[in-house]
Amino acid sequence: MAGGTVFAGVVLLVGGLLDILKGISSIASDTIYTRIGDYVYRFNLTAWGWVLVVVGLIAVITGLGLLTDALWARVLGVFMACLSLIANFLWLPYQPLWALISIGLDAWVIWALTAHRTPRAL
């Protein structure tokens, strides 16, 4: 299970960096992403870019904490993976393939961080 925690830390770290880059591209030019006409969760892409940058920064810090095996990072990692899963669901019409891959990775991170058990001393 320790390998799962390390992998979860790397996924959060890389996913956070990619969220920062997606956010910056959305802030710089919101015409990069497709305009969605009748999508229920329609929002301003520039504002969403700032949300992605903030969430990405927190995910990077959490990923680094997981790589140092900090307990706070395990708890925050589950929260961040849940938040990222919801954000990727909302992002689905803009980048469907990447959103589905991210949702799958987020679900795996949640499992890896909640299934980890520290060995008991006999």
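Residues numbered from 1 in each chain as written. Predicted model: local features only at pLDDT ≥ 70, side-chain atom pairs only at ≥ 80, totals over all residues. Heavy atoms only, no water.

Moving on to the overall build of the protein. Helix and strand content of the protein: 4 helices and 0 strands. Helices and strands appear in the protein in the N-to-C order α-α-α-α. Here the protein holds 122 residues, and 41% of them are scored as buried. Taking as baseline every contact in the protein between residues at least 6 positions apart, the subset at least 24 positions apart corresponds to 71%. Of the roughly 7,000 Å² of accessible surface on the protein, a fraction of 75% belongs to carbon and sulfur atoms. (Helix = DSSP H or I, 4+ residues; strand = E, 2+ residues; numbered from the N terminus. Buried < 20%, exposed > 50% of the residue type's maximum accessible area, 1.4 Å probe, protein only. Contact = heavy atoms within 4.5 Å. Areas by Shrake-Rupley, 256 points an atom, 1.4 Å probe, with all protein chains shown as cover.)

We now examine the nonpolar core. In this structure, Ala8, Leu12, Leu66, Met80, Val109 and Leu113 are the most contacted members of the largest nonpolar core, which totals 15 residues. Once residues lying within four places of it in the same chain are set aside, the contact partners of Leu12 are Ala59, Val60, Thr62, Gly63, Leu66, Gly77, Met80 and Val109. Counting 7 residues, the second largest nonpolar core, distinct from the first, contains Leu45, Trp48, Leu90 and Tyr94. (Core = buried A, V, L, I, M, F, W, Y, C linked by side-chain atoms within 4.5 Å.)

What follows concerns the pattern of salt bridges. The tally for this structure, following the rule as stated, stands at 2 salt bridges. Across the pair Lys22 and Asp19 runs a salt bridge whose closest N-O atoms are separated by 3.5 Å. Taken together, the residues span about one helical turn, with Lys22 and Asp19 both in helix H1 (residues 2-28) at a distance of 3 residues. Here Lys22 matches Asp19 in class, with each residue buried. (Salt bridge = Lys/Arg side-chain N within 4 Å of Asp/Glu carboxyl O.)

The next thing to look at is the packing of aromatic side chains. Taken as a whole and judged by the stated rule, the model has 2 aromatic pairs. Look at Phe7 and Trp108: their rings are 5.0 Å apart centre to centre, the planes differ by 85°, and that puts the pair in the edge-to-face class. One end of the pair, Phe7, is in helix H1; the other, Trp108, is in helix H4 (residues 96-115), with 101 residues separating them in the sequence. The exposure class of Phe7 is partly exposed, given its relative accessible area of 40%. Taking the relative accessible area as the measure of exposure, Trp108 reaches 30% and is therefore partly exposed. Geometrically, the ring pair formed by Trp108 and Trp111 is tilted, given 6.0 Å between the ring centres and 50° between the ring planes. (Phe/Tyr/Trp six-rings, centres within 6.5 Å; stacked < 30°, edge-to-face > 60°.)

This paragraph deals with helix H3 (residues 71-91). For H3, which comprises 21 residues, the first-to-last C-alpha distance of 30 Å matches the rise-based estimate of 30 Å (1.5 Å per residue) to within 8%. Check the buried side of H3 and you find it contacts H1, helix H2 (45-67) and H4. (Expected span 1.5 Å × (residues − 1).)

All right, on to the layout of surface pockets then. Of the pockets and cavities examined, the largest pocket occupies roughly 240 Å³. The wall of the largest pocket is formed by 18 residues, among which Val11, Gly15, Gly16, Ser84 and Asp106 lie closest to the centre. Only H1, H2, H3 and H4 provide two or more residues apiece to the lining of the largest pocket. By residue number, the principal contributor to the lining of the largest pocket is H1, which donates 8 residues. (1 Å grid on protein atoms, 1.4 Å probe; cavity = no way out; pocket = protein on both sides within 12 Å on 5 of 7 lines; lining within 4 Å. Points joined across faces, edges and corners; volume = space filled by probe spheres on them.)

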